[in-house]
Amino acid sequence: MSSLKKFYSKNGFVILPQLLSSEEVQNFRKEIADEFKRSGKVSILNTREILEKIPLVKEILLKEKLTNTLKGIFDNDFIYSNGCSILKNSTSLLPTDVWHEDVQSQKLMKRINENLDSPQYQFCKVGIYLQNDTCPFGASIEILPGSHKFNRFIKHCVFVLLFKRVLGAPLRSLLTKKLDKVLQAGDAVIFDSHLIHR
């Protein structure tokens, strides 16, 4: 097993530095700003708007640096799903806000998704950062490394604590990791959809 795959398997995420050059970041930001202005939306663009109006997304998804990293994590066996979003000026101001995993709604449909926690279910997200950590609106993801391997009971207990301001403070302080200081504009983070994050 490669060191990349080992790190991803253990921690539930990897950082891909400099996926985009500074020029590509500026071009991408311009396309996004133009679409926000055209659509009149304030904080989020959905899949259809992105794929139809921001052609640079498709080019980014096919970048060899990204596809080779995904092949390394998933042993050359991955496909993209048609779900993406672009968030603008979106952040969590309170330490107890919006902790989640990206498969919570599917887990509520237990009969349909009974194998969701099996090791064979591997589903990840790719976040591409278009600003440095100097942005006053927040720019990053905060994670609980390794939480993608927690069973349902442990995960439930962790969520209960994360949402508690005082009782959850030690957990958030000791075990969560803010990626703001290690991510720069143009970097990407690939993370397991079972990973607890916000």
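Here the structure is a predicted model, which is why all the values come from computation and not from measurement. (Residues numbered from 1 in each chain as written. Predicted model: local features only at pLDDT ≥ 70, side-chain atom pairs only at ≥ 80, totals over all residues. Heavy atoms only, no water.)

Colleague: Give me the overall build of the protein: which residues, what numbers.
Modeller: Each helix and strand in the protein was counted, giving 8 helices and 7 strands. Taken across its 198 residues, the protein has 37% of its residues classed as buried. Accessible surface, the protein: about 12,100 Å² in total, of which carbon and sulfur atoms supply 56%. (Helix = DSSP H or I, 4+ residues; strand = E, 2+ residues; numbered from the N terminus. Buried < 20%, exposed > 50% of the residue type's maximum accessible area, 1.4 Å probe, protein only. Areas by Shrake-Rupley, 256 points an atom, 1.4 Å probe, with all protein chains shown as cover.)

Colleague: Talk me through the environment of Ile15; I want residue IDs and the actual numbers.
Modeller: Tracing the sequence through the fold places Ile15 in strand β1 (residues 13-16). Once residues within four sequence positions are removed from consideration, Ile15 is found in contact with Leu179, Val182, Leu183, Ala188 and Val189. (Contact = heavy atoms within 4.5 Å.)

Colleague: Describe the nonpolar core, and please don't skip the residues or the numbers.
Modeller: The biggest cluster of nonpolar side chains holds 23 residues, and the ones touching the most others in it are Leu19, Leu20, Phe28, Ile32, Ile54, Ile86 and Ile190. Broken down by secondary-structure element, the contributors of at least two residues to this core are β1, α2 (22-39), α4 (56-61), α5 (64-73) and β7 (188-192). In this structure, Ile86 is in contact with Ile32, Phe36, Ser43, Ile44, Leu45, Ile50 and Ile54, ignoring residues within four places of it in sequence. If you look at the next biggest cluster of nonpolar residues, it comprises 9 residues, including Phe13, Leu179, Leu183 and Leu195. (Core = buried A, V, L, I, M, F, W, Y, C linked by side-chain atoms within 4.5 Å.)

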